[in-house]
Structures are given as structure tokens and as C-alpha cells.
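Examination of the molecular architecture
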Amino acid sequence: MRHIWRWSVFVAGLAACLALAVPALAELDSTKHTDWGVATKGDSATIAQWEALAWEVDQIGGTIYVGGNFLDVTDGDDLVPRPYLAAFDADTGAWQSWFDPAVGNAVFALEPTPDGGLMVGGEIGTWNGATIGSLVKIDPSTGEIWPGWQTRVYGGASSIRDLRLEADGWMYAVGDFSTVTDGAGPITAGGAVRFDPLTGDIDEGWLPTLESGSGWGVSRSPVTGVVYVAGFFQSVNGDPGARGLVGLDDGGAVVVDRAAVPFNGCTTWPYCSQMYDVVATEHGHIWVGGVEHALYVIDETNGELVKMHYTACDPHVNDVCLPRDWYGGEFQEIERIGDRIYATCHCWYDIYSDTTVILHTRPYDNPTATHHTVNAVAAFDASTGELIPEFAPQLTGDAGGFAVHQNPSDGCLWIAGGCSAYGAPGGPQPAAHDVVRLCDESGPGPAAQPPAEPPPPLECSVSVDPAGPSATVTWTDASTSTGTVIYRSVDGGGTYWRGRVDPPAESVFSEPVPVAAVTDYFAKHVYPGGQRSDAASCGRVDLLPDLVPPAWCDAAVDVDGRARLVWDAGSDAESYVLRRSVDGGTSYWRGRVTGTTFTGATLESGRTYDYTVEARAADGSTTDPVPCTPQLAVEPPPLDPVMACGASLGGPGGATPVLDWERASGALRYIVRRSIDGGPNYWRASMPDTASPEGSFTFDGVELNDQRSYSYSVTAVGIDGSTAPPTPCTPVLVYTPPPLAAAAACVAEVTGPDAAGSVTIAVSWDSLDDAALDVIVYRSRNGGPSHWRGRIGGADGPFSDSGVESDVYEYEIVVASGGRTSERTPCSTPPEPA
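Reading guide: rules and limits
Residues numbered from 1 in each chain as written. Predicted model: local features only at pLDDT ≥ 70, side-chain atom pairs only at ≥ 80, totals over all residues. Heavy atoms only, no water. Helix = DSSP H or I, 4+ residues; strand = E, 2+ residues; numbered from the N terminus. Buried < 20%, exposed > 50% of the residue type's maximum accessible area, 1.4 Å probe, protein only. Contact = heavy atoms within 4.5 Å. Areas by Shrake-Rupley, 256 points an atom, 1.4 Å probe, with all protein chains shown as cover. Pairing = 2+ DSSP bridges. Axes fitted to C-alpha atoms, helices over the stretch in contact; angles between N-to-C directions. Disulfide = S-S within 2.5 Å. Salt bridge = Lys/Arg side-chain N within 4 Å of Asp/Glu carboxyl O. Polar contact = N/O pair within 3.5 Å; in protein donor to acceptor, adjacent residues only side chain to side chain. pLDDT = per-residue confidence, 0-100. Core = buried A, V, L, I, M, F, W, Y, C linked by side-chain atoms within 4.5 Å. Phe/Tyr/Trp six-rings, centres within 6.5 Å; stacked < 30°, edge-to-face > 60°. Lys NZ or Arg CZ within 6 Å of the ring centre and 35° of its normal.

Take the overall build of the protein next. Summing up its helical and strand segments, the protein has one helix and 62 strands in all. Counting over 834 residues, the protein shows a buried share of 53%. Considering only contacts within the protein whose residues lie at least 6 apart along the sequence, 58% involve residues at least 24 apart. As displayed, the protein offers around 34100 Å² of accessible surface, 52% of which is attributable to carbon and sulfur atoms.

Here is the structure:
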């Protein structure tokens, strides 16, 4: 069975039809179309300087999802806690109270997945109490984490700024993070990653490193396949030329750097390299915007500037240009919708356009630039790059827009960002609460209001001309209909608006149809007031090739211990996807190749490996996996014992045992054991076979005690845990400490008598080599035996022997440490006391 999973809004395969299929829309006015929005700034760390609360908007079915750095939703009267992610009715703008997940922190990115899920990125941290890092896939109908989802993105600032599902089937994520995982262990990352939106499997071959900053926008070119990343980074993969914008190939290598985008007079590094977003189109254009106030349209094939747009405030045109507004503001979000590019910005006055670079200083003096007005959002022709001046909604605010989305069911545009009000100057300007819904002049009509007459059944059908290929939709008119809207879904993805036909035009709609895809068409009647009838299914256009899976797949282990796979080509496969299971566990993505052979990593001994291969079509669809036979296993090599082990004493003082032995064939590691005075053998250490690349091993033990015997042995351990017989280390070690050096000289001197008539003899000695040594003093009286008189620290002398009488005294000293002593040193005989 074929799995169709590509989400195909604005993909490379639609290049021809995008330019023709979307009729000109009625322009949007500034009428209030929703009361609801968001309020109360949240706890985001990475965007704390921005006052904007709403940062992302997207849609699944009839629900609009808004994410950002907010804690509440509001209609201007009520304030309801709903931190960081809220849902609104797509047709009325009303807040949806049923959607209530517990989100830990700010949401910056949303992207629907082909299986009906919703990918959420930001600084999230936790979701419904579970620690998830900066990425999670959820069920949008319940707010719960998608069953079985294990992919995590974390580390660094643990922040995702943009998510984008592209025509190559990968979900791209950029931001500031250092680690990713799909459940098979942590993988080092550098702020950019791509993964399968269905399984979460990470492409370990595409892990570029964005350095000294963060990625803010990502887009894959439908013309060249280059992946563009815009952001606040200062280099990529160590390339300092990739500042703010980089183009990456499918290996993650830098192929385009910041030199592709001109500077317009900004010279302050690193500020001038900051880019907020990037979009690549099938027209061969790269749209990139950011510092300083510029939106560039670049020809991807030759790097030439197609168009540049610049926001500012012209004091010759506007009576008041506030200091904040004098320089306009940066473009913050670029979104492709139909045949238009929408770009949001924190800009409220003038926009200039030219085919040459508009300098940052006095742009209003540029004699060749065209001039129009802008208020937080502008629209452009996607094919030419020209500004569409008729699109001029009246918005006011501070930070401007950070996201834009169009509801395909009614054409209304949703803008999220720092927009506080909308409406023409001098007239009513209702509050926007950071969420703006703009509709055409007639308004979308309240979805809950039934038509004046019951909608008649709509009957429609679709036919295909394979020569185009093109699809033609026809339908029956209804007397109460003011038009018919056509929708389509490609490869089971979202259903999107394609065009509108109004009476008395003929009831027919034609457009180019994507090749190698399954396209479903639907139609709705439009009634006075803007209501739509229920959607009628017009039929399906199936232009998929007959993707046939491989008939067989052979698996073997090559001479280097690696998996070697060979399979039948099947038919109509653009590439093949390899997966692997280890020891009967979960099957994980291992690679995608265009040929019919694959060489994997070196296999570990003692484990079993099962491989499968899937044929993959150009549209991203795949066949069921074909098992590769037989199951692979590598027998552990034979294990030899250690041939010889030498034991010796070394280290400070010669009290440390040192063992030496050569590598044993088949050994994974070595176990060192020790016996004291012939007692039991006890484990002392475990050393990996890789510890010494030279093949010889040295083990340094702890210092040995005096006069005890120590026997050591080394045991080789195999890859499968088996052990060879232990090899004794020779000889048996006995540590005999060397004697201490005696003191060089000693003097005994009489002091006193004192006032009480007491006499004292002071015993002193030359300083010792080690201040930690002690001195023991012995005394003989009148030629008798020598007796212990006291022990004192060697550095604490002299030693005072008090209470002596009129006798003859002889003194000796011994240097001592613990139980060790030196030879005795005699001290000079003091004179008899007076």
C-alpha cells in the first residue's frame, strides 16, 4: 500500500499553477472582524525586549491557533487565563474555550503535519506537565501530546523560532538549541535540524551549526533545493561570511552566504547582519527581510537584486514623524499566500521600492524609488516582487506584525503581533489585542447565521486533461448563489482556496494540476452576506505513477564488519529509505539513497540487526517496507588470555604497584584483581581495550602497606561478556619502606637556673628535610640506660627537658614518621649544672 503524506501547499511541483490559479482577491478593508485577542506579557527569556504578545498564527480545519508570549485571552471585557497558545474560530474569530493545554512558556512556531497533527515550537519547556524541551507534536483536537512522539529539541537557549514543512518531506526547525533526539540517544545540534513530521526520525546527515546567535526563519528553494536560514547568527559551520543569512545543501554545507544580500549603508557589526525571515519561491527568488528596514528580492540564479523595499517616515509627506518612526522599521515575517507575498513590519508611514539598493540615509530623496504608505503589513506580487499598493489596511500599534495567515474558507487575513487597534484615521479604531482579522469589503459573514434560503445541494465534477496536465471543475448553479469557491487538497494535505467564479460567468474552473500527485477538488456556493454552503466533493485527479516496491533485498556483512544491502529497484522510485532495528527494537531511519545499494555502519558483535528498504517517489510517498534478509549478526572474535603481566613498584617513595601487559586478541576490556597475604582475590579495576592505542596497558594502584605481600592478576573480557583465564602478574609485590635519614646534628644546652632555682636543658637540631617529620628525644643519666623523654614535631624544636639535677646527662634524637625511625644522632653533652 502506498502512504501519501506530503503536505503540498506552495511546493515546487506547483510552480506553474501557482502563477495562474489564484484570481485577484478583493482588497481587505480595516473593518473590525473579531473582538478576541490576547493580553498580559508572559515569561519569555529570548524576546523579553519585545512588547508584542502574539508571535504565530496557523490553522487546522475550522480552528485558528495563535501562539506567543501572552498569559490571557480577552475580548476587551473579559480576561481569561490561557497562557502561550489559544484557539479561535476561523469563521467568526471567537475564542474557543475547549482548547486548554498547559503550556510552560512562549510559543513562536506552528506547523500542521500531514497526519492531522500540529507541530509546536518555542521556549515551551513543559506540556501538560511533561518536560518536552522546545518542540512538541500535539493532537490539535485535544491539546494532548501526539501518541508515541519522542523527538525532543533542547539545550542552549532551548528555543525554536520557525518551523516549516517543505516539499522534500522534511520538517525544518531553526532557533537556538544544542541537542536533539528522536528517542535513540542525544545528538549534538547547532540551532538547525530537519526530521520526519510523521515519525520524528532526525536526518543526522543535515545538522549545520549556527554560531553566536539564533535562526529565525527557514525556507527550502523549490528551484535549487538549497535550504535558506535567516536569523541573528554570526557564522555557520565556522564560516564567518554566513552572517544573518545562509544557504545550505542537503549535506548541511554552506553554499550561499550573506554576500547574496546587499547592505544599504548599515555598518554596525553584528547588528547589520540580522535577518528576521526568508522565503524562496518557484520564480527563482529569495525574499529576505530584516535590518535595516529592508525587504530584498534576490534572483537566486545570479544573485542580482530584483527589487528592494524600504520603510521609513518622510517628513515632507507626514506632518509628524516621531523619533521612533523616523526610520521606519524592520520586516519581521514573510509569508507566501497564493500569488502574493505578505510581509509584516513595525512600520507605520512610508514604503519605498526600487530595483537598486535604497540607502538607509534619506531614502525619500531617492529619485527613482516609488513611494506608498504602509501600516504594519504589506502585500507584494510573488512573481514580480512589486508592491501591491491597493492593499493598505489601517493598523496602529508598537511592535508591528510577527505572523500572517489567510483562512482559505473566507479569504480573511489573520495578523499576529504588536497591533493594538485598526481602522481608518479619524474614524472608529477598535482594539485589536495583538490579533487582527482583516476581510474583504463585503465581510466574511457570520458563519453561524443560516442563509436566507436553505442551501441547495451543489453538484460538481472534475475532469483531467493528461496533456497539460490540467483539471476542470464544473458544477450546477443555484438561484441564491452569488458565486462558487473552488478548493483542493493535494496528497491528502490541507484543503486550500483555489479560486472563485461569480455569475453570470460559466460554471467552470480550470487550472494546471500537480503532477505525480493525488488532487481532490471541492466546491462551495457563496450566498448573500458571505455565507458558504457545505462543501461538495467534486472528485479526484490521480496522476501518481505506479510506485512498485523492491521485489527483494539481500543483506550481508562485508569484510570490514559493516552491513551491506542490495535490493531490486522496483519501479518509479526517486530514492529509497533504509531503516534498522537492533536486537528486535524499534525500527529507525538510517538513510536515504538514490541507488540500489547501501553500506551501513560497523556492526557490534553479539547483536542482531534487521534492515528494511522502502521505495520513495518524488512527491515523498513511500511503499510498505521490504525486509532485507537474512537477519545480520556478527559473531564475537575468539578471546585469548593475556600472555604475560609484569608487576613492579613505582610512584613517589616506590610504594605504588604498576602492572604492564599487552593487548589480548578479542578482548573488549580487562579486569584487574588483587590478593593480600594470600587471601581472596578482589576486583580492583576495569579497563577498556581502547584505553591504550599502542596496545600496552599500565595500571597504577594505591600505595601498599609495609611488609605485606600483594598478588595481582589480569583477566581479558570478550565482547559478549565471556572471560579468559586470569593471568598472574609477576612477581608478588612486597613493599619495604626505606629507612629515614638521621638528623645531621644535635646540641644540648643548659639554661637557668631561673628565679625558683630550676634548671632546663634545651635539645635542638638542624632543620629536617621534611617539616612533617617528628623528633623523638632519648636521655641517659649518669651513664645509665637511655630512656624516652618525649616526641615533638621536627619543626617545633627545641625540646625542653626541665627539672634536671646535678647529674651527668647524655641525649640522643631519632627522626620518626609513623612507625618508621632513623638511626640515632647523639647530642653534645651539656656541662654539669652549677
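All right, on to the sheet that holds strand E2 (residues 54-60) then. Hydrogen bonding along the main chain pairs the strands of a sheet, whether they run parallel or antiparallel. Within the open sheet, the three strands sit side by side as E2-E3-E6. Their pairing is antiparallel. Of all the strands in the sheet, the pair left with one neighbour each is E2 and strand E6 (85-89). Neighbour-to-neighbour, the strand axes of this sheet turn through a mean angle of 25 degrees, independent of strand direction. Where E2 meets strand E3 (residues 63-68), six bridges bridge the pair, whose relative direction is antiparallel. Paired with Ala54 across the strands is Gly68, a residue of E3.

Time to look at the state of the cysteines. Per the counting criterion, the structure on display carries six disulfides. One disulfide in the model links Cys460 with Cys538; its S-S distance is 2.0 Å. As the torsion about the S-S bond is roughly -95 degrees, the Cys460-Cys538 disulfide counts as left-handed. In this pair, Cys460 is assigned in strand E34 (residues 460-465) and Cys538 in strand E40 (residues 536-542), connecting sequence segments 78 residues apart. In this structure Cys460 comes out as buried when scored by relative accessible area, which is 15%. Here Cys746 pairs with Cys827 through a disulfide, and the sulfurs are 1.8 Å apart. Because the torsion about its S-S bond is 80 degrees, the bridge between Cys746 and Cys827 counts as right-handed. Taken together, the residues span a long stretch of sequence, with Cys746 in strand E55 (residues 746-751) and Cys827 in the segment after strand E62 (825-826) at a distance of 81 residues. Cys827 carries the same exposure label as Cys746, and that label is buried.

Our focus in this paragraph is the pattern of salt bridges. Scanning the model with the defined rule gives 29 salt bridges in all. With a shortest N-O distance of 3.6 Å, Arg616 and Glu574 are connected by a salt bridge. Here the residue Arg616 occupies a position in strand E46 (residues 608-616), and Glu574 occupies one in the loop between strand E42 (562-567) and strand E43 (575-582), the gap between them amounting to 42 residues. Where Arg789 meets Asp801, a salt bridge forms, and the shortest distance between an N and an O atom there is 2.6 Å. On the criterion of sequence distance, the pair formed by Arg789 in strand E58 (residues 786-793) and Asp801 in strand E59 (residues 799-802) is long-range, its members being 12 residues apart. Judged by relative accessible area, Arg789 falls into the partly exposed class, the value being 32%. Residue class for Asp801 comes out buried when judged on its relative accessible area of 2%. Beyond isolated ion pairs, a larger network of salt bridges with shared partners links Asp168, Arg194, Asp203, Arg220 and Asp250.

This part is about the side chain of Arg82. For Arg82, the position within the fold is in the loop between strand E5 (79-81) and E6. A polar atom in the side chain of Arg82 sits 3.0 Å from the side chain of Asp100. In contact with Arg82, not counting residues within four places along its chain, are Phe70, Leu71, Asp72, Val73, Trp95, Ser97, Phe99 and Asp100.

So, about the confidence of the model for the protein. Summarising the model, the protein shows a mean pLDDT of 85, and 89% of its residues fall at 70 or more. Below pLDDT 50 for its whole length, residues 1-26 participates in 80 contacts with residues either more than four positions away or in separate chains. Overall, residues 445-451 carries pLDDT values under 50, and its contacts beyond four positions in sequence, including any with other chains, amount to eight contacts.

Right, let's get into the sheet that holds strand E39 (residues 518-526). With antiparallel pairing, the four strands of this open sheet are ordered in space as E37-E36-E39-E40. Taken across any chain shown, the strands that pair with only one partner, and hence form the sheet edges, are strand E37 (495-501) and E40. With direction set aside, neighbouring strand axes in the sheet form an average angle of 25 degrees. Note: E39 against E40, six bridges, orientation antiparallel. Note that in E40 the partner of Tyr521 across the bridge is Gly539.

It is worth spelling out the nonpolar core at this point. Grouped together as the largest cluster of nonpolar side chains are 28 residues, with contacts concentrated most on Trp50, Trp55, Leu85, Val120 and Trp127. Those elements that place two or more of their residues in this core are E6, strand E7 (107-112), strand E8 (118-127), strand E9 (130-138) and strand E31 (395-406). Looking at which element gives the most residues to this core, the answer is E8, with four residues. Residues contacting Leu85, with those up to four places away along its chain left out, are Tyr65, Val66, Gly67, Phe70, Phe99, Val103, Val107, Leu110 and Trp127. With 23 residues, the next largest nonpolar core counts Met687, Phe697, Phe699 and Ala724 among its residues.

We now examine the packing of aromatic side chains. Here the structure, examined in full by the defined rule, presents 16 aromatic pairs. Ring geometry for Trp55 versus Trp216: centroids 6.3 Å apart, planes at 65 degrees, classification edge-to-face. One end of the pair, Trp55, is in strand E2; the other, Trp216, is in strand E17 (residues 215-220), with 161 residues separating them in the sequence. The class of Trp55 is buried, set by a relative accessible area of 4%. Its relative accessible area of 10% is what places Trp216 among the buried residues. Connected via pairs of aromatic rings, a cluster forms that spans Trp55, Phe108, Trp216, Phe232, Tyr276 and Phe402. Over the ring of Phe108 we find Arg161; its NZ or CZ atom is 4.5 Å from the centre of that ring.

We now examine the pairing of E6. The element E6 is largely enclosed, with a buried count of four among its five residues. Judged from the five bridges that link them, E3 and E6 form a sheet pairing that is antiparallel. Paired with Val66 across the bridge in E6 is Ala86.

This part covers the environment of Leu135. Positionally, Leu135 belongs in strand E9. Its relative accessible area of 0% is what places Leu135 among the buried residues. Note: C-alpha distance between Leu135 and Ala109 (26 residues apart in sequence) is 9.3 Å. Among residues more than four places away in sequence, those in contact with Leu135 are Met119, Val120, Ile124, Trp149, Thr151, Val153, Ile160, Leu163 and Phe195.

On to the side chain of Ser134. Residue placement: Ser134 occurs in strand E9. A residue is classified by how much of its surface remains accessible, and Ser134, at 0% relative accessible area, is buried. Residue contacts for Ser134: discarding those within four places in its chain leaves Val120, Gly121, Gly122, Ile124, Val153, Tyr154, Ser158, Ser159 and Ile160.

Here we take up unusual backbone geometry. With an omega of 10 degrees, the peptide bond running from Pro503 to Pro504 counts as cis. Checked against the element boundaries, Pro504 lands in the loop between E37 and strand E38 (508-512). The linkage connecting Thr629 with the following residue, Pro630, adopts the cis geometry, with an omega of 0 degrees. The backbone of Tyr84 sits at a positive phi, close to 75 degrees, despite the residue not being glycine. Along the chain, the position of Tyr84 falls in the loop between E5 and E6. At Asn128, a residue that is not glycine, the phi angle is positive and equals roughly 50 degrees. On the basis of relative accessibility, which here comes to 32%, the residue Asn128 falls in the partly exposed class.

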